[in-house]
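Chain by chain, the residues run as shown.
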Amino acid sequence: MSAINVRLRLLVDREAPTNRRFAYMEQLTGVPGAVWAAWWRKGGAPGGVLIEAAGRAWPEFVLWLCTGSADSFVAQLEPLSARPAVLAALMQERDAAAERHEDVQIFEREIAR
């Protein structure tokens with residue numbers, strides 16, 4: 001049994017009611033209960049759909065679920081490369097600041113004359 005399989009099983013077992021586990025997981029994640037049940041009964045490594053669904057349902061456990069590490073001081077951020085619009089906005093802001101800085105330098109030189 002893979003480590004991520006064990007961790008996801010522990011998480012589902014802890015968070016989902018035993019008597020209606022798969023219906024609960026379907027309602028919580030949008031992944032059909034039959035998919036959860038097949039993974040639970042068959043074993044093996046969970047697919048990306050289940051890992052992503054569990055991560056969305058319990059974001060506080062994503063680091064532990066995916067890596068096995070628990071660190072309460074770690075901020076989980078997505079990389080800027082995953083957010084092109086944010087990266088573009090930051091670059092525009094940087095360029096605008098550089099232009100303002102150049103304008104100030106030109107203005108200071110003109111005043112000094």
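One can find the structure itself at the top, above this paragraph.
Residues numbered from 1 in each chain as written. Predicted model: local features only at pLDDT ≥ 70, side-chain atom pairs only at ≥ 80, totals over all residues. Heavy atoms only, no water.

(A) The arrangement of the overall build of the protein chain in detail. Across its full length, the protein chain carries 6 helices and 0 strands. Scanning the protein chain from its N terminus toward the C terminus, one meets helices and strands in the order α-α-α-α-α-α. A burial count over the protein chain gives 23% of its 113 residues as buried. A fraction of 48% describes how many contacts in the protein chain between residues 6 or more apart in sequence connect residues 24 or more apart. (Helix = DSSP H or I, 4+ residues; strand = E, 2+ residues; numbered from the N terminus. Buried < 20%, exposed > 50% of the residue type's maximum accessible area, 1.4 Å probe, protein only. Contact = heavy atoms within 4.5 Å.)

(B) The packing of aromatic side chains, seen in detail. A complete count under the given rule lists 3 aromatic pairs for this structure. Aromatic side chains Trp-36 and Trp-39 sit 6.2 Å apart centroid to centroid with 80° between the ring planes, which places their arrangement in the edge-to-face category. Of this pair, Trp-36 and Trp-39 both sit in helix H3 (residues 33–42), 3 residues apart, roughly one helical turn. For the pair formed by Trp-36 and Trp-39, the shared burial category is buried. Taking 5.8 Å as the distance between ring centres and 75° as the angle between the ring planes, the aromatic pair formed by Trp-39 and Trp-40 counts as edge-to-face. The buried category is assigned to Trp-40, whose relative accessible area is 16%. Over the ring of Trp-39 we find Arg-9; its NZ or CZ atom is 5.4 Å from the centre of that ring. The cationic tip of Arg-9 hangs over the ring face of Trp-40; the distance from NZ or CZ to the ring centre is 4.6 Å. (Phe/Tyr/Trp six-rings, centres within 6.5 Å; stacked < 30°, edge-to-face > 60°. Lys NZ or Arg CZ within 6 Å of the ring centre and 35° of its normal.)

This is a description of form; function is not addressed.
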